[in-house]
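Reading the structure
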Amino acid sequence: QVQLVESGGGLVQAGGSLRLSCAASERTFRGASMGWFRQAPGKERDYVASISWDEGRTRYADAVKGRFTISRASAENTVYLQMNSLKPEDTAVYYCASSSWTGPAVSRANMYDYWGQGTQVTVSP
């Protein structure tokens, strides 16, 4: 049963841009907030950004503030992550997820109910 599907990953040079998309197959799976996380080889899964569906309130990890922008298209149950000024250290598998929660708690991976399969982002020097 497909629930969250990411797309848009790929290979880009440092300084370039990519836009990731995450579509929920049904409204049921989108929760109250959607978030993006990333996991580099040998490292833990880290919070990147999140957005609430009703108010569109956004939150970002310090590492991506000013470079990444999260947005939503409510009618399509889709969230986006626009990534600009990419750095090699942004290389990771990026996952989207949905949470029943809003507020600061959504920076924690264990607050999320559904996860996508992940999409690879590789930034070359």
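Overview of the structure. (Residues numbered from 1 in each chain as written. Predicted model: local features only at pLDDT ≥ 70, side-chain atom pairs only at ≥ 80, totals over all residues. Heavy atoms only, no water.)

Details of the pattern of salt bridges
Counted according to the given criterion, the structure contains three salt bridges. A salt bridge links Asp90 to Arg38; its shortest N-O distance comes to 2.8 Å. Remark: Arg38 occurs in strand β4 (residues 33-39) and Asp90 occurs in the loop between β8 (78-83) and β9 (92-99); sequence separation between them is 52 residues. A relative accessible area of 0% places Asp90 in the buried class. Ionic contacts of the salt-bridge type, sharing partners, join the residues Arg38, Arg67 and Asp90 into one network. (Salt bridge = Lys/Arg side-chain N within 4 Å of Asp/Glu carboxyl O. Helix = DSSP H or I, 4+ residues; strand = E, 2+ residues; numbered from the N terminus. Buried < 20%, exposed > 50% of the residue type's maximum accessible area, 1.4 Å probe, protein only.)

Describing the nonpolar core
Judged by nonpolar contacts, the single largest core of 33 residues is most densely connected at Trp36, Val48, Phe68, Leu81, Met83 and Tyr94. Mapped onto this core, the elements with two or more residues apiece are β3 (18-24), β4, β5 (45-52), β7 (68-73), β8, β9 and β11 (119-124). If we ignore the near neighbours within four places in the chain, the residues touching Val48 are Trp36, Phe37, Arg38, Arg59, Tyr60, Ala61, Val64, Phe68, Leu81 and Tyr94. (Core = buried A, V, L, I, M, F, W, Y, C linked by side-chain atoms within 4.5 Å. Contact = heavy atoms within 4.5 Å.)

Quick look at the sheet that holds strand β1 (residues 4-7)
Here we have four strands laid out as an open sheet, ordered β1-β3-β8-β7, and antiparallel in their pairing. The open sheet has two free edges, formed respectively by β1 and β7, since each of these has just one partner strand. Taken pair by pair, the neighbouring strands of this sheet meet at an average axis angle of 15°, ignoring direction. (Pairing = 2+ DSSP bridges. Axes fitted to C-alpha atoms, helices over the stretch in contact; angles between N-to-C directions.)

A few points about the state of the cysteines
Within the structure shown, the criterion is met by one disulfide. A disulfide bridge connects Cys22 with Cys96, and the sulfur atoms are separated by 2.0 Å. The sign of the S-S torsion, about 55°, decides the handedness of the disulfide formed by Cys22 and Cys96: right-handed. You can see Cys22 sitting in strand β3 and its partner Cys96 sitting in strand β9, a full 74 residues away along the chain. (Disulfide = S-S within 2.5 Å.)

A look at the packing of aromatic side chains
By the definition in use, this model includes four aromatic pairs. Arranged with centres 5.6 Å apart and planes meeting at 70°, the rings of Phe37 and Tyr47 form a pair that is edge-to-face. Linking Phe37 in strand β4 with Tyr47 in strand β5, this pair joins segments that are ten residues apart in sequence. In this structure Phe37 comes out as buried when scored by relative accessible area, which is 1%. A relative accessible area of 15% means that Tyr47 is categorised as buried. Seen from their ring centres, Phe37 and Tyr112 are 5.1 Å apart, and the 85° between their planes marks the pair as edge-to-face. Residue Phe37 is found in strand β4, and its partner Tyr112 is found in strand β10 (residues 112-115); the two are separated by 75 residues along the sequence. Both residues of the pair, Phe37 and Tyr112, belong to the buried class. In textbook terms, an aromatic cluster arises when at least three aromatic residues are bridged by ring pairs, as seen for Phe37, Tyr47, Tyr112 and Trp115. (Phe/Tyr/Trp six-rings, centres within 6.5 Å; stacked < 30°, edge-to-face > 60°.)

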